[in-house]
Amino acid sequence: MTPRDSIMSVDRPCARVFRDPVHFLALGFGSGCAPKAPGTFGTLAAIPLYLLMQPLPPWAYLLLTVAGFALGIWVCDRAARDLGVHDHPAIVWDEVIGYFVTMIAAPPGWLWIIVGFALFRLFDILKPWPIRRADQRIGGGFGIMFDDLLAAGYAWLALQCLAYGAALLDIS
């Protein structure tokens with residue numbers, strides 16, 4: 001990649017999204033190309049995939065999520081190197097997998113899909129400790145994926161607490 005290509009990649013991250021399968025995945029099937037809030041659009045792109053995965057047995061759901069995380073390390077690293085930016089905003093595969101983690105063992109229904117979406121976006125945007133520190137200090141594809149895994153952990157815990165509370169109060 002020449003310096004000019006690198007500049008073009010940073011300015012136009014979506015130029016190769018439909019020509020390169022790695023960029024297609026890393027940019028969330030094109031959702032990362034949204035001009036505003038690409039992380040939110042990447043998380044929205046995860047919802048139809050989640051709906052396909054939701055009826056799976058828990059072991060299969062977890063296996064696909066872990067495989068998606070492992071694939072994401074490579075895909076995000078490659079896309080970041082091609083774009084010349086560590087965690088370019090258009091790279092949203094980490095949001096897709098983060099949403100899947102958030103939704104592990106979530107109660108069924110659109111209410112919980114929306115609550116899971118909101119919680120994951122909240123923690124991914126706010127980056128409470130240690131998420132921000134991990135985001136700043138861990139590089140490469142693993143770093144891109146790991147901070148969203150941490151945000152998803154917070155979101156998962158909050159979602160499970162809300163679901164438990166709703167079950168206790170017989171709300172849902």
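Our structure is the block above this text.
Structure report, in brief. Just so you know, these numbers come straight off a predicted model, no measurement behind them. (Residues numbered from 1 in each chain as written. Predicted model: local features only at pLDDT ≥ 70, side-chain atom pairs only at ≥ 80, totals over all residues. Heavy atoms only, no water.)

A closer look at the packing of helix α3 (residues 38-53) against helix α5 (residues 93-102)
Their axes nearest at 8 Å, the elements α3 and α5 cross at an angle of 50 degrees. Regarding the angle of α3 to α5, the classification is oblique. In the crossing of α3 with α5, the sense of the turn from one axis to the other is right-handed. In this structure, α3 uses Gly 39, Gly 42, Thr 43, Ala 46, Ile 47, Leu 49, Tyr 50 and Met 53 to contact α5, whose residues at the interface are Glu 95, Val 96, Tyr 99 and Phe 100. Of the residues that constitute the contact of α3 with α5, the class distribution is eight nonpolar, three polar and one charged. (Axes fitted to C-alpha atoms, helices over the stretch in contact; angles between N-to-C directions. Helix = DSSP H or I, 4+ residues; strand = E, 2+ residues; numbered from the N terminus. Parallel < 35°, antiparallel > 145°, perpendicular 65-115°, else oblique. Left-handed = near helix turned anticlockwise from the far one by under 90°. Contact = heavy atoms within 4.5 Å. Nonpolar A, V, L, I, M, F, W, Y, C, P; charged D, E, K, R; others polar.)

Some words on α3
Relative to the 22 Å expected for 16 residues at 1.5 Å per residue, α3 spans 23 Å between its end C-alpha atoms, a close match to the ideal helical length. Considering bend angle alone, the principal kink of α3 is centred on Ile 47 and spans about 25 degrees; proline Pro 48 follows within four residues of it. Of all the residues in α3, the buried ones are Pro 38, Gly 39, Gly 42, Thr 43, Ala 46, Ile 47, Tyr 50 and Met 53. Contacts made by the buried residues of α3 are with α4 (58-83), α5 and α6 (110-126). (Expected span 1.5 Å × (residues − 1). Bend = angle between axes of the 7 residues up to and from the residue. Buried < 20%, exposed > 50% of the residue type's maximum accessible area, 1.4 Å probe, protein only.)

Section: the state of the cysteines
What the rule picks out here adds up to one disulfide. Paired by a disulfide, Cys 14 and Cys 33 hold their sulfur atoms 2.0 Å apart. Since a negative S-S torsion denotes a left-handed disulfide, the Cys 14-Cys 33 link at about -115 degrees is left-handed. With Cys 14 in the loop between α1 (3-11) and α2 (21-26) and Cys 33 in the loop between α2 and α3, this pair connects stretches of sequence that are 19 residues apart. Taking relative accessible area as the criterion, Cys 14 reaches 25% and is therefore assigned partly exposed. With a relative accessible area of 27%, Cys 33 lands in the partly exposed category. Cys 33 supplies the cysteine sulfur nearest to Cys 76, a cysteine that is in no disulfide, at a spacing of 14 Å. (Disulfide = S-S within 2.5 Å.)

Quick word on the environment of Gln 160
Its location among the elements puts Gln 160 in helix α8 (residues 140-168). Between the C-alpha atoms of Gln 160 and Ile 104, which are 56 residues apart in sequence, the distance is 9.3 Å. Ignoring any residue separated from it by four or fewer positions in sequence, one finds Gln 160 in contact with Ile 104, Ala 105 and Ala 106.

Let's talk about unusual backbone geometry
With omega at 0 degrees, the peptide bond leading from Trp 129 into Pro 130 counts as cis. In this structure, Pro 130 sits in the loop between α6 and α7 (131-137). At Ala 105, a residue that is not glycine, the phi angle is positive and equals roughly 60 degrees. When you line up the elements, Ala 105 lands in the loop between α5 and α6. Taking relative accessible area as the criterion, Ala 105 reaches 61% and is therefore assigned exposed.

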